[in-house]
Amino acid sequence: MRRAAVIGYPVTHSLSPRLHGFWLKKYRIEGEYTAIEVTPDTLPEVLRGLGAKGFCGINVTVPHKETVIKFLDSIDEAARAIGAVNTITVRGGKLKGTNTDVYGFIENLRQNGFPRAKNKAVVLGAGGAARAVVKALTDEKFAKIMLVNRTTAKAEAIAKNSTGVEVMDWKDRAKTLSDTDLLVNTTTLGMQGKEPLALDLSTLPRQVVVNDLVYTPLITPLLAEAKARGNKTVDGLGMLIHQAVPAFEAWFGIRPVVDDDVRKQVLGD
Ligand code: ATR
């Protein structure tokens, strides 16, 4: 029986067990995927014990995505570029780290609404999710990425390590929408229990694709407003599901299909 899990602290909110559990059942794989609470001080010992306990891999969530790197045998280019690991594969006792958020973000757009042009993307936020989005859009060769964050210094740190990324003041965020092809919200604004994202969409052209990484609620006020204006909208649940695809394949040997069934399962419908 192959074992996988998500480690984090706290970890109870994670939707990954539901997601991987659904695919394990669907593809009749003898395996399990659990959620394990791991405190920062027990992290090294948990990682060291993975091979002996029969784990083929784990997902890593808050607060371990960055600190985990120093305990791994290797990391790939995506993880290095972002400075964070969300997926570990255990092979021959060696731990290899990757970051599948870059893939998950772009694949979700590809399946649900890729912008018609790649002249400009506006990215709101400058946390871990924004780093993955910026890396994906840079790989896709977007000519310009406008990064807008409440704490400008964090956006500037990302821009310094990327090409084609410009930084704009948070208060000016509505002013950069009129010539963009894509708008992505990576902040936590609009999430259940958080403040709303105050953003004036009146200058947003109709052909712009709007993607919110927030998926609780699934249709955020940003997506609802954009949709009402006639824009193509892409929700954040797709990224969560797509980022799990390469992990599941690496651990269990089958590339799972992303369809409505898995979306319903993750939503608990
Ligand atoms: P993640 O790893 O999901 O990206 P994060 O690193 O906590 O999460 O980043 C959260 C993002 O939401 C940040 O860009 C944060 O802005 P700051 O860098 O200024 O903290 C943004 N955010 C959270 N609350 C916000 C608020 N009230 N107004 C504006 N931005 C906010």
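For the structure, check the block above.
Remember, predicted model here, so these are calculated numbers, not experimental data.

Visitor: How do you make sense of the site of the ligand when you look at a structure like this?
Guide: In the region of the ligand, 14 residues are neighbours, and A126, N149, R150, T151 and K154 sit closest. Separating an oxygen atom of the ligand from a side-chain N or O atom of N149 is a distance of 2.7 Å. In this structure, T151 approaches the ligand through a side-chain N or O atom, which is 2.5 Å from an oxygen atom. Contact with the protein chains covers 71% of the free accessible surface of the ligand, which is 640 Å². A breakdown of the residues in the shell around the ligand according to their chemical character gives four nonpolar, seven polar and three charged.

Visitor: Even after reading the chapter, I still don't get the pattern of salt bridges, so can you show me in this structure?
Guide: Throughout the structure, instances matching the rule amount to 16 salt bridges. Residue D259 is joined to K26 by a salt bridge in which the shortest nitrogen-to-oxygen separation is 3.4 Å. Of this pair, D259 sits in the loop between α8 (237-252) and α9 (260-267) while K26 is found in helix α1 (residues 16-26), placing the two residues 233 residues apart along the sequence. On the accessibility criterion, K26 (34% relative accessible area) is partly exposed.

Visitor: What should I look at first to understand α8 in this one?
Guide: Each full turn of the α-helix corresponds to 3.6 residues, which orients residues three or four apart in the same direction. Helix length check: α8 (16 residues) gives 22 Å between terminal C-alpha atoms against 22 Å at 1.5 Å per residue, within 8%. Along α8, the sharpest change in direction is near 25 degrees and occurs at V245; proline P246 comes one to four residues later. Counting buried positions over the 16 residues of α8 gives 13, a clear majority of the element. Backbone geometry just after α8 places G253 at a positive phi near 80 degrees.

Visitor: Before we go on, may I ask you to explain the packing of helix α4 (residues 101-112) against helix α5 (residues 128-139) in this structure?
Guide: Interaxial distance between α4 and α5 falls to 8 Å at its minimum, and their mutual angle equals 65 degrees. Regarding α4 and α5, the two cross each other, and that crossing is right-handed. Counting all contacts with α4, which are made through D101, V102, F105 and I106, the residues of α5 involved are A132, V133, K135, A136, L137 and D139. Residue classes in the contact of α4 with α5 are distributed as seven nonpolar, no polar and three charged.

So, how was this worked out
Residues numbered from 1 in each chain as written. Predicted model: local features only at pLDDT ≥ 70, side-chain atom pairs only at ≥ 80, totals over all residues. Heavy atoms only, no water. Near = heavy atom within 4 Å. Polar contact = N/O pair within 3.5 Å; in protein donor to acceptor, adjacent residues only side chain to side chain. Areas by Shrake-Rupley, 256 points an atom, 1.4 Å probe, with all protein chains shown as cover. Nonpolar A, V, L, I, M, F, W, Y, C, P; charged D, E, K, R; others polar. Salt bridge = Lys/Arg side-chain N within 4 Å of Asp/Glu carboxyl O. Helix = DSSP H or I, 4+ residues; strand = E, 2+ residues; numbered from the N terminus. Buried < 20%, exposed > 50% of the residue type's maximum accessible area, 1.4 Å probe, protein only. Expected span 1.5 Å × (residues − 1). Bend = angle between axes of the 7 residues up to and from the residue. Axes fitted to C-alpha atoms, helices over the stretch in contact; angles between N-to-C directions. Left-handed = near helix turned anticlockwise from the far one by under 90°. Contact = heavy atoms within 4.5 Å.

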